[in-house]
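Chain residues, written in single-letter form:
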Amino acid sequence: MRTRPRVSPRRRLPAQLLALAAGLAVIAVTTGAAAIGAPGRPAHHPSPASRDSAARVRTACLPRGPRQARCFALYAPQVTVNKAIAARAAGRAVAAGATAPKGWGATDIEQAYKLPVNRTPDATVAVVDVYSTPHLAADLAVYRARYHLPPCTTASGCLRIVNQHGQATPLPAADPQGWGVEETLDVSMVSAACPRCQILVVEASSPSFSDLATGEDTAARLGAVAISNSYGARETGYTQATAAAYRHPGHVIVASSGDSGFGPAQFPANLTTVTAAGGTQLSRTSSARGWAEKTWNADFGASGSGCSAYVSKPAWQHDKHCPGRTIADVAAVAWNIAIYDSSVRNGPWLSIGGTSAASPLIAGVYGLAGNAATVPPGYEYAHRGALFDITTGTNDPYANGAACGHDYLCVAKQGYDAPTGLGTPDGTGAF
């Protein structure tokens, strides 16, 4: 029997609005699931890339059965770039710049979030994933070389890959579902945020929550100060049974808020021991910062937000229209990101989207800050001045904010809002 949080009358939304929000959230989840590669999105609005079968947006991994997590990565091959690379390798002339990957790379991320990446923190950042990715080390080497990051190899010990029990062998079976893209994305985003951090990759044997919980415990036991989880599922009593695996004092745990916009809260992002990471879209501007951001909401996904029905509101969270835990807490770029994955057909350069990018990026920022072993959950709420407040956009995939009554639960506003939390990193002061 599950326990619901006590609801204070002064925090309760009008019953009609709660019913409307809940009903629309369910519609968004159930109808969006029918679109291949578009969780939570209508199938009749494809992006231009999706009209080209080679370059269409795909979902990296979906659960094969009940009680399993899915990752939150979306990807599309950069077909034109990859054809130019192949042509140059074959000795044919190509136009200047044709082989340069498109989208935001590590240098852009560093600049957009003012990250002091020359620091050398004594920190290990872990990513918990599923299945084996044999090409991971080689592909990470290409990505880091492309953006002039220092090498991070298994030979040097900078990159360590273990199974869910912490052993180097045997690793799980090679990825049958697409989790390889997720794992490649994860190590790339940690690299972008903290180029001199060590990276621990924990590969669970399956996407079951029990195997992922074992991997989470292993990441903490092996000394990772920050642990990223770019996966989740709608919160249920079953998912809550593994909540203890995400409670490790002295270790910051980050989880993606989901890719389906406003709706039911996602586990494990709904836990009060976890920093929930939402997603944004970056663009260059002539402002003093040089960048602008808005809530990530594209044809194939949107930054997840939700009000937990299972987890009470933590003391450090004070938004008024959700009686339980609200997600997200912070956010980072979740669209138009370039990564290198040699295993993907029509690859190797891919354009990536999803809050799967935000979680490892935020975990990397925690590693870069050097405080992850001592900061408590909710630390960023007391340091919101070191975050870029995101005030535009909505994660309502259908009605431009009507799903939550144009409230902060699905519309970006000044101060805290659920799609992007308190905002995105402005240096490391909030971490």
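Note that the coordinates shown come from a computational prediction; the quantities given were computed from them, not determined experimentally. (Residues numbered from 1 in each chain as written. Predicted model: local features only at pLDDT ≥ 70, side-chain atom pairs only at ≥ 80, totals over all residues. Heavy atoms only, no water.)

Enquirer: Is there a simple way to think about the sheet that holds strand β1 (residues 58-59) in this case?
Expert: To summarise the sheet geometry, strands pair through backbone hydrogen bonds and adopt either a parallel or an antiparallel arrangement. In spatial order, the strands read β1-β3-β19-β18; together these four strands make up an open sheet with antiparallel pairing. Two strands lie at the open edges of the sheet, namely β1 and β18 (337-340), each paired on one side alone. (Pairing = 2+ DSSP bridges. Helix = DSSP H or I, 4+ residues; strand = E, 2+ residues; numbered from the N terminus.)

Enquirer: What is the right way to read the sheet that holds strand β2 (residues 70-71) from this model?
Expert: Sheet architecture is open: three strands sit in the order β2-β8-β11, paired in antiparallel fashion. Each edge of the open sheet is held by one strand with a lone partner, namely β2 and β11 (266-267). In the sheet, β2 pairs with strand β8 (residues 231-234) via two bridges, with the strands oriented antiparallel. In the strand pairing of β8, cysteine 71 is matched with tyrosine 231.

Enquirer: I tried to follow the packing of aromatic side chains on my own but got confused; where do I start?
Expert: The description of an aromatic ring pair uses the distance of the two centres, along with the angle that the planes make with each other. This model, assessed by the stated rule, comprises 11 aromatic pairs. With 5.1 Å between their ring centres and 70° between their planes, tryptophan 104 and tryptophan 291 make a pair best called edge-to-face. One end of the pair, tryptophan 104, is in the loop between α2 (79-89) and α3 (106-112); the other, tryptophan 291, is in strand β13 (residues 291-295), with 187 residues separating them in the sequence. Grouping residues by exposure puts tryptophan 104 and tryptophan 291 together as buried. Centre to centre, the rings of tryptophan 316 and tyrosine 381 are 5.0 Å apart; their planes meet at 45°, and the pair counts as tilted. Of this pair, tryptophan 316 sits in the loop between β15 (301-312) and β16 (324-327) while tyrosine 381 is found in the loop between α8 (355-369) and β20 (387-388), placing the two residues 65 residues apart along the sequence. (Phe/Tyr/Trp six-rings, centres within 6.5 Å; stacked < 30°, edge-to-face > 60°. Buried < 20%, exposed > 50% of the residue type's maximum accessible area, 1.4 Å probe, protein only.)

Enquirer: What is the right way to read the pattern of salt bridges from this model?
Expert: A side chain with one charge may pair with a side chain of the opposite charge, provided their charged atoms come close. Under the definition given, this model contains four salt bridges. Taking the shortest distance from any N to any O, the salt bridge between arginine 284 and aspartate 108 comes out at 2.6 Å. Residue arginine 284 is found in strand β12 (residues 275-284), and its partner aspartate 108 is found in helix α3; the two are separated by 176 residues along the sequence. Residue class for aspartate 108 comes out buried when judged on its relative accessible area of 14%. A salt bridge links arginine 325 to aspartate 329; the nearest nitrogen and oxygen atoms lie 2.7 Å apart. Given the relative accessible area of 0%, arginine 325 is considered buried. (Salt bridge = Lys/Arg side-chain N within 4 Å of Asp/Glu carboxyl O.)

Enquirer: What should I look at first to understand helix α6 (residues 209-221) in this one?
Expert: One full turn of an α-helix is made of 3.6 residues, so residues set three or four places apart face in the same direction. Taking 1.5 Å of rise per residue, 13 residues should cover 18 Å, and α6 covers 18 Å from first to last C-alpha, within 8% of that figure. Taken from the residues just after α6, glycine 223 is the one with a positive phi, measuring 100°. (Expected span 1.5 Å × (residues − 1).)

Enquirer: Help me out: how do you make sense of the environment of serine 228 in this one?
Expert: Turning to its location among the elements, serine 228 is positioned in strand β7 (residues 226-229). Between the C-alpha atoms of serine 228 and serine 356, which are 128 residues apart in sequence, the distance is 9.2 Å. Other than its neighbours up to four places away in sequence, serine 228 contacts Ala126, Val127, Val128, Val254, Ser359, Pro360 and Ala363. (Contact = heavy atoms within 4.5 Å.)

Enquirer: What am I meant to see in the state of the cysteines here?
Expert: What makes a disulfide is a covalent bond joining the sulfur atoms belonging to two cysteines. Following the criterion strictly, the structure yields five disulfides and no others. Note on cysteine connectivity: cysteine 307 is disulfide-linked to cysteine 322, with sulfurs 2.1 Å apart. Taking the torsion about the sulfur-sulfur bond, which here is approximately 90°, the covalent link between cysteine 307 and cysteine 322 counts as right-handed. Here cysteine 307 is found in strand β15, whereas its partner cysteine 322 is found in the loop between β15 and β16, with 15 residues between them in sequence. For cysteine 307, a relative accessible area of 27% puts it in the partly exposed group. The class for cysteine 322 is buried, based on a relative accessible area of 0%. Note that cysteine 404 is cross-linked by a disulfide to cysteine 410, the S-S spacing being 2.1 Å. Torsion about the S-S bond of the cysteine 404 and cysteine 410 cystine: about -85°, corresponding to left-handed handedness. Looking at cysteine 404, the relative accessible area reads 3%, which means it is buried. (Disulfide = S-S within 2.5 Å.)

Enquirer: I tried to follow the nonpolar core on my own but got confused; where do I start?
Expert: A general trend in soluble globular proteins is that nonpolar side chains are found buried together. Met189, Tyr246, Leu361 and Tyr366 are the most contacted members of the largest nonpolar core, which totals 116 residues. Take this core: its biggest share by element is nine residues, from α8. Those residues in contact with methionine 189 that lie beyond four places of it in its chain are Ile109, Tyr143, Ile337, Ile339, Ala357, Pro360 and Leu361. Judged by nonpolar contacts, the second largest core, of seven residues, contains Leu74, Ala76, Trp296 and Phe300. (Core = buried A, V, L, I, M, F, W, Y, C linked by side-chain atoms within 4.5 Å.)

Enquirer: Please explain the side chain of asparagine 163 as it appears in this structure.
Expert: Here asparagine 163 is to be found in strand β5 (residues 159-163). Among the polar contacts listed, one links the side chain of asparagine 163 to the backbone nitrogen of histidine 165, at a separation of 3.0 Å. Those residues in contact with asparagine 163 that lie beyond four places of it in its chain are Thr169, Pro170, Leu171, Pro172, Val202, Glu203 and Thr218. (Polar contact = N/O pair within 3.5 Å; in protein donor to acceptor, adjacent residues only side chain to side chain.)

Enquirer: Looking at this model, I keep getting lost on the packing of helix α5 (residues 179-193) against α8. Mind explaining?
Expert: The axes of two packed helices give the description: the angle between them and the distance between them. Packing of α5 against α8 leaves a shortest axis separation of 7 Å and a crossing angle of 35°. Crossing angle aside, the handedness with which α5 passes α8 is right-handed. Along its contact with α5, which presents Glu182, Leu185, Asp186, Met189, Val190 and Ala193, the element α8 presents Ser356, Ala357, Pro360, Leu361, Gly364, Val365 and Leu368. Classifying every residue of the contact of α5 with α8 by side-chain character gives nine nonpolar, two polar and two charged. (Axes fitted to C-alpha atoms, helices over the stretch in contact; angles between N-to-C directions. Left-handed = near helix turned anticlockwise from the far one by under 90°. Nonpolar A, V, L, I, M, F, W, Y, C, P; charged D, E, K, R; others polar.)

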